[in-house]
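Coordinate inspection notes
These are the residues of each chain, in order.
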Amino acid sequence: MAMAVVKPRIRGFICTTAHPAGCEANVNTQIQVARAARTAPAVQAAPADQAGRQNGGGPLRVLVIGASTGYGLAARIAAGAMYGAGTVGVFFEREASGTKSGTPGFYNTAAFQRYATENGLISANVNGDAYSHEIKRKTVELVESRLGEVDVVIYSLASPKRTDPDTGEIYQSVLSPIGETYVGKTIDLNREVISEVSVEPASDEGIRGTVGVMGGDDLNRWIEALLEAGLLADGARVVPFSYIGPSLTWPIYRSGTIGRAKEDLEQTTKTINGRLQSTVGGRALVSVNKAVITQASAAIPVVPLYISLLYRIMRERGLHEDPIHQMVRLFDDHIGPGGTPSVDGEDRIRLDDLELGASVQREIDEVWPTITTDNFRALTDYDTYKRGFRQLFGFEVDGMAYDEPVEMEAVI
Ligand code: NAD
């Protein structure tokens, strides 16, 4: 037992504390959204594998790499709460130490684990560096012992660095334009003023580092490890996430270093697709998701202001979606039991269709140039963004007694 009153400690796009009960409440809200969307029976008839193991019409089996926050957490919740899926989650999180709080992803996972246990769902976790050989090995063992095989692999890692498991080289990602300096509007999250950012173009080293972290190499290694161990079920689906966004963020996102990494991930996914077709009759497809408030997106210049405006416009049009709504759609419309993915010309699932709708983007283009420090709260949903960011860490969640001590330790 380690009880403490925990308050947010925020600096820009980083918060160094997390509220365990607030994180649990967030997970429970997502579970409710997914349960309400449940249309299919909670089980899937899956064929026996070659080793004769069979889940006997049992639940969907899902491996989520990057399962503790953002899109990966939402995917795990959607699969568990909609289909009763068995899940193995891989993530890199810090547990509490005495009254020093753990990371939100640790508390989120503890909350999901509680739900899974109470509802008889298989759920197992691997906490460590997903890029390492050791964590891949541990995960392979756990998938084999707890799930037998996997029907769906969700790849949702977001990280600033990666150590190459063979060479020990440390790749560092940068969020920079390529070719020329980018000058654009952004919000200074500390001072809450609109300012102009100027970001120097990346060096070749910066481009290479970003592709090394967020490109396709690690995904490829995961799929090879799973294939080698014979753990991908017949017809298995592998889904990594990408982002395209509107032209106003292209210089810093899609045409920048991170976009270069996403192109590499998309290219690798095509190669993996061929490999899966010829081995297990499976499919690998990128899902292009919409912009949402997560720890990863808060770190990208321009994006928090863009999301603040996007949320206001999509909410007014009744189009608002959080990660859980996107992941419900991913499973329900595309990759859930019996689903057939609908894809664009590049074989990608487009969950960003509503964000990139012509009328939403027309309003973005009209309003964006007029945003200033004096009017940004009126023109955008910045207060919702700010609250949403704090909620990622379990703060400003309705119904929480933040002045009272809370148990800081949690079990996953
Ligand atoms: P996030 O920061 O909320 O989640 C990242 C996850 O990766 C966490 O579970 C974390 O524990 C895990 N992780 C990071 N480094 C790890 C490591 N070394 N080993 C094991 N686990 C590790 O991020 P997110 O915004 O949900 O992004 C997930 C994916 O979705 C990314 O590919 C991102 O580009 C994509 N995406 C995000 C957005 C957005 O607006 N946030 C939009 C479209 C696509």
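Being a predicted model, the structure only gives us computed values, none of them experimental.

What counts, and where the lines are drawn
Residues numbered from 1 in each chain as written. Predicted model: local features only at pLDDT ≥ 70, side-chain atom pairs only at ≥ 80, totals over all residues. Heavy atoms only, no water. Helix = DSSP H or I, 4+ residues; strand = E, 2+ residues; numbered from the N terminus. Salt bridge = Lys/Arg side-chain N within 4 Å of Asp/Glu carboxyl O. Buried < 20%, exposed > 50% of the residue type's maximum accessible area, 1.4 Å probe, protein only. Axes fitted to C-alpha atoms, helices over the stretch in contact; angles between N-to-C directions. Parallel < 35°, antiparallel > 145°, perpendicular 65-115°, else oblique. Left-handed = near helix turned anticlockwise from the far one by under 90°. Contact = heavy atoms within 4.5 Å. Nonpolar A, V, L, I, M, F, W, Y, C, P; charged D, E, K, R; others polar. Expected span 1.5 Å × (residues − 1). Near = heavy atom within 4 Å. Polar contact = N/O pair within 3.5 Å; in protein donor to acceptor, adjacent residues only side chain to side chain. Areas by Shrake-Rupley, 256 points an atom, 1.4 Å probe, with all protein chains shown as cover. Core = buried A, V, L, I, M, F, W, Y, C linked by side-chain atoms within 4.5 Å. Pairing = 2+ DSSP bridges. Right-handed = clockwise from strand over helix to strand, strands pointing away.

Examining the environment of alanine 401
By the secondary structure assignment, alanine 401 is in the loop between α13 (382-391) and β16 (406-407). Through-space distance from the C-alpha of alanine 401 to that of glycine 120 is 30 Å; in sequence the pair is 281 residues apart.

Thoughts on the pattern of salt bridges
Per the counting criterion, the structure on display carries 32 salt bridges. With a closest N to O distance of 3.1 Å, arginine 329 and aspartate 353 form a salt bridge. Taken together, the residues arginine 329 in helix α10 (residues 323-335) and aspartate 353 in the loop between β15 (349-350) and α11 (358-367) connect sequence positions 24 residues apart. By relative accessible area, which is 39% here, aspartate 353 ends up partly exposed. In this structure, aspartate 352 engages arginine 350 in a salt bridge whose closest nitrogen and oxygen atoms are separated by 2.9 Å. For aspartate 352, a relative accessible area of 2% corresponds to the buried category. Owing to a relative accessible area of 25%, arginine 350 belongs among the partly exposed residues under this scheme. Here the salt bridges share partners, and the residues they tie into one network are Arg254, Glu266, Asp344, Arg348, Arg350 and Asp352.

Points about the packing of helix α6 (residues 217-228) against helix α7 (residues 257-279)
Axis separation between α6 and α7 bottoms out at 9 Å; the angle between their running directions is 15°. Comparing their axes, α7 and α6 come out roughly parallel. The interaxial crossing formed by α6 with α7 has right-handed handedness. Where α6 approaches α7, its residues Asp217, Leu219, Asn220, Ile223, Glu224 and Leu227 are matched on the opposing element by Asp264, Leu265, Thr268, Thr269, Ile272, Arg275, Leu276 and Thr279. For the contact of α6 with α7, the residue count by class is six nonpolar, four polar and four charged.

Focus on α6
End to end, α6 covers 16 Å across twelve residues, agreeing with the expected 16 Å (1.5 Å per residue, within 8%). Within α6, burial applies to Asp218, Leu219, Trp222, Ile223, Leu226 and Leu227.

Side note on the site of the ligand
The environment of the ligand is formed by 29 residues, the closest being Ser68, Tyr71, Ala130, Lys262 and Thr294. At 3.3 Å from a nitrogen atom of the ligand is found a main-chain nitrogen or oxygen belonging to glycine 128. For the ligand, the protein covers 92% of the area, taking 830 Å² as the surface of the free molecule. Contributing elements (two or more residues each) for the shell around the ligand: α2 (70-83), β12 (232-242) and α8 (295-298). Here the shell around the ligand is composed, by residue class, of 14 nonpolar, eleven polar and four charged.

Points about the nonpolar core
Counting residues in each nonpolar core, the largest one holds 119 residues, and the members touching the most others are Ile154, Ile223, Leu232 and Phe331. For this core, the leading source of residues is α2, giving ten residues. Not counting residues up to four positions away in its chain, the partners in contact with isoleucine 154 are Val62, Leu63, Val64, Ile65, Ala75, Val239, Phe241, Leu330, Phe331 and Ile335.

Points about the environment of arginine 191
Structurally, the position occupied by arginine 191 is in the loop between β10 (182-188) and β11 (193-199). Residue classification places arginine 191 among the exposed positions, given a relative accessible area of 57%. When the C-alpha atoms of arginine 191 and glycine 12 are compared, they prove to be 8.7 Å apart, with 179 residues separating the residues in sequence.

A few points about the pairing of strand β4 (residues 61-65)
Most of β4 is tucked away: five of the five residues are buried. Note: β4 against strand β5 (residues 86-91), five bridges, orientation parallel. From the neighbouring strand, leucine 63 faces β5, where its bridge partner is valine 88. Handedness of the crossover is the feature at issue here: the chain leaves β4, passes through α2, returns alongside β5, and the resulting connection is right-handed. Of the pairings in the sheet, the one linking β4 to strand β7 (residues 150-155) comprises four bridges and is parallel in character. Bridge pairing links leucine 63 to valine 153 in β7.

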